Amino acid sequence: MIITEQKEFDEILRSLKGHERVFLLGCGICAATWSTGGEKETREMAARLAEAGKDCTGWIVTEEATCDVRTTRRLLKRNKEQVGLADVLLVLACGAGVQTVASLVDVPVYPALNTLFLARLQNLSVCDERCRLCGECILAETAAICPVALCPKGLMNGPCGGYEDGKCEVDRERDCAWVAIYERMETLGQLEQFTVIHEPKDWSKMRHPGFINKRDKKALGRG
Ligand code: SF4
Ligand code: SF4
């Protein structure tokens, strides 16, 4: 899940300076689950903006992910009267969602959230980063625990000399990723894998900006 946080209200107001009529759009998937941009938060944001003197022409929350151009386009069309009255759109979604909306309308679009990381959701209050989107997943070699995301040094062969009682030297509150990998391999009866030396990571696989066209077999290396 993509983790977001709400921006300070003052920052949102600054970004809306010079605009009077605002339409709000929340995301019904990640931002709703993490309570940063679901129905409740979008409605509350509309009320705060109204209190601050803005004219809220309406608000909606996408049922699908806001970053899906197809469904967000349909939703904006269904609400075109309220959207058309606005001179700015405020989006409570991740950065990809904000840019999706911006690609579909001809008025300024601003983010109400900061986008933080890709996480495992432990419960509705706790999540932890689990993947840095490195483009070459090595979880098969690390007992399904990611050292790229969980080791602050991103070590491919660990642990380093700084761990103590299973805790990381960079942050003693956190478990050392490589101790966790060792312990899981031990549980799985795969300890022989722990002594395998991993080659340096090929960071060229981490492609930015990422782009994929599944219909283009050549681009996928299958042509
Ligand atoms: S190895 Fe790369 S793709 Fe796999 S979980 Fe870690 S960061 Fe994500
Ligand atoms: S103590 Fe473990 S998690 Fe922390 S930097 Fe060293 S190897 Fe990485």
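Check the entry above for the structure.
Below, the structure is looked at part by part. (Residues numbered from 1 in each chain as written. Chains lettered and ligands numbered in written order. Predicted model: local features only at pLDDT ≥ 70, side-chain atom pairs only at ≥ 80, totals over all residues. Heavy atoms only, no water.)

### Section: the site of ligand 1
1) Next: Taken together, the neighbourhood of ligand 1 is formed by Arg130, Cys131, Arg132, Leu133, Cys134, Cys137, Ile138, Leu139, Cys146 and Val148.
2) Next: Grouping the constituent residues of the shell around ligand 1 by class yields 8 nonpolar, no polar and 2 charged. (Near = heavy atom within 4 Å. Nonpolar A, V, L, I, M, F, W, Y, C, P; charged D, E, K, R; others polar.)

### Considering the side chain of Thr42
1) Next: Examined against the element boundaries, Thr42 turns out to sit in helix H3 (residues 39–51).
2) Next: Note on Thr42: relative accessible area 0%, which makes it buried.
3) Next: Those residues within four positions of Thr42 in sequence are excluded, and the remaining contacts are Leu24, Gly26, Gly37, Trp59, Ile60, Val61 and Leu92. (Helix = DSSP H or I, 4+ residues; strand = E, 2+ residues; numbered from the N terminus. Buried < 20%, exposed > 50% of the residue type's maximum accessible area, 1.4 Å probe, protein only. Contact = heavy atoms within 4.5 Å.)

### Quick notes on the environment of Leu188
1) Next: Locating Leu188 in the fold gives a position in helix H8 (residues 177–188).
2) Next: Classification of Leu188 by relative accessible area gives partly exposed; the value is 39%.
3) Next: Considering only alpha carbons, one finds Leu188 and Phe9, 179 residues apart in sequence, at a separation of 48 Å.

### What about the site of ligand 2?
1) Next: Every residue near ligand 2 is listed here: Cys151, Pro152, Lys153, Leu155, Pro159, Cys160, Tyr163, Cys168, Glu169, Cys176, Ala177 and Trp178.
2) Next: Cavity membership is defined here by more than half of the atoms lying within 2 Å of grid points; on that basis ligand 2 lies in the largest cavity.
3) Next: Tallied by class, residues from the shell around ligand 2 come to 10 nonpolar, no polar and 2 charged. (1 Å grid on protein atoms, 1.4 Å probe; cavity = no way out; pocket = protein on both sides within 12 Å on 5 of 7 lines; lining within 4 Å. Sits in = over half its atoms within 2 Å of the grid points.)

### Section: the pattern of salt bridges
1) Next: Taken as a whole and assessed by the stated rule, the structure comprises 13 salt bridges.
2) Next: Of the charged contacts in the structure, one is a salt bridge between Glu39 and Arg43, with a shortest N-O distance of 3.3 Å. Of this pair, Glu39 and Arg43 are both found in helix H3, 4 residues apart, which corresponds to roughly one turn of the helix.
3) Next: Judged by its relative accessible area of 48%, Glu39 is partly exposed.
4) Next: By relative accessible area, Arg43 is classed as partly exposed at 42%.
5) Next: Where Lys167 meets Asp175, a salt bridge forms, and the shortest distance between an N and an O atom there is 2.6 Å.
6) Next: Under the relative-accessibility criterion, Lys167 is labelled partly exposed at 26%.
7) Next: It is possible to trace a salt-bridge network through shared partners that takes in Glu136, Lys201, Asp202 and Lys205. (Salt bridge = Lys/Arg side-chain N within 4 Å of Asp/Glu carboxyl O.)

### Focus on the sheet that holds strand E1 (residues 2–6)
Either a parallel or an antiparallel arrangement is found when strands of a sheet pair, and the pairing is made through backbone hydrogen bonds.
1) Next: Strand order in this open sheet of 3 strands is E1-E6-E7, and the pairing throughout is antiparallel. Among the strands making up the open sheet, the edge pair consists of E1 and strand E7 (127–131). Taking the axes of each pair of neighbouring strands and ignoring which way they run, one obtains an average angle of 60° across the sheet.
2) Next: With 5 bridges joining them, E1 and strand E6 (residues 113–121) adopt antiparallel strand pairing. (Pairing = 2+ DSSP bridges. Axes fitted to C-alpha atoms, helices over the stretch in contact; angles between N-to-C directions.)

### A word on empty space enclosed by the protein
1) Next: By the definition in use, this model includes 1 cavity of 30 Å³ or more.
2) Next: Put simply, the largest cavity is a space of about 110 Å³.
3) Next: Taken together, the residues of the lining of the largest cavity break down into 12 nonpolar, no polar and 3 charged. (Points joined across faces, edges and corners; volume = space filled by probe spheres on them.)

### Some points on the layout of surface pockets
1) Next: Taken as a whole, the largest pocket spans an internal volume of roughly 250 Å³.
2) Next: For the largest pocket, the full set of lining residues is Leu133, Gly135, Lys205, Met206, Arg207, His208, Pro209, Gly210, Phe211 and Ile212.
3) Next: Among the residues making up the lining of the largest pocket, the classes are represented as 5 nonpolar, 3 polar and 2 charged.
4) Next: Empty space within the second largest pocket amounts to approximately 200 Å³.
5) Next: If you trace the second largest pocket, you find it lined by Arg120, Arg130, Ile145, Leu150, Glu173, Arg174, Asp175, Cys176, Ala177 and Ala180.
6) Next: Among the residues making up the lining of the second largest pocket, the classes are represented as 5 nonpolar, no polar and 5 charged.

### Describing the packing of aromatic side chains
1) Next: In total, this model carries 2 aromatic pairs according to the counting rule given.
2) Next: Ring centres of Trp178 and Phe194 lie 6.0 Å apart, and the angle between their planes is 70°; this geometry places the pair in the edge-to-face category. Placement of Trp178 in helix H8 and of Phe194 in the segment after H8 is noted, with a sequence separation of 16 residues between them. Each member of the pair Trp178 and Phe194 is classed as buried.
3) Next: Relative to Phe194, the ring of Tyr182 has its centre 5.1 Å away and its plane inclined at 90°; by these criteria the two rings are edge-to-face. You can see Tyr182 sitting in helix H8 and its partner Phe194 sitting in the segment after H8, a full 12 residues away along the chain.
4) Next: Residue Tyr182 is classed as partly exposed on the basis of its relative accessible area, which comes to 34%. (Phe/Tyr/Trp six-rings, centres within 6.5 Å; stacked < 30°, edge-to-face > 60°.)

Functional significance is not addressed by these values, which are geometric in nature.
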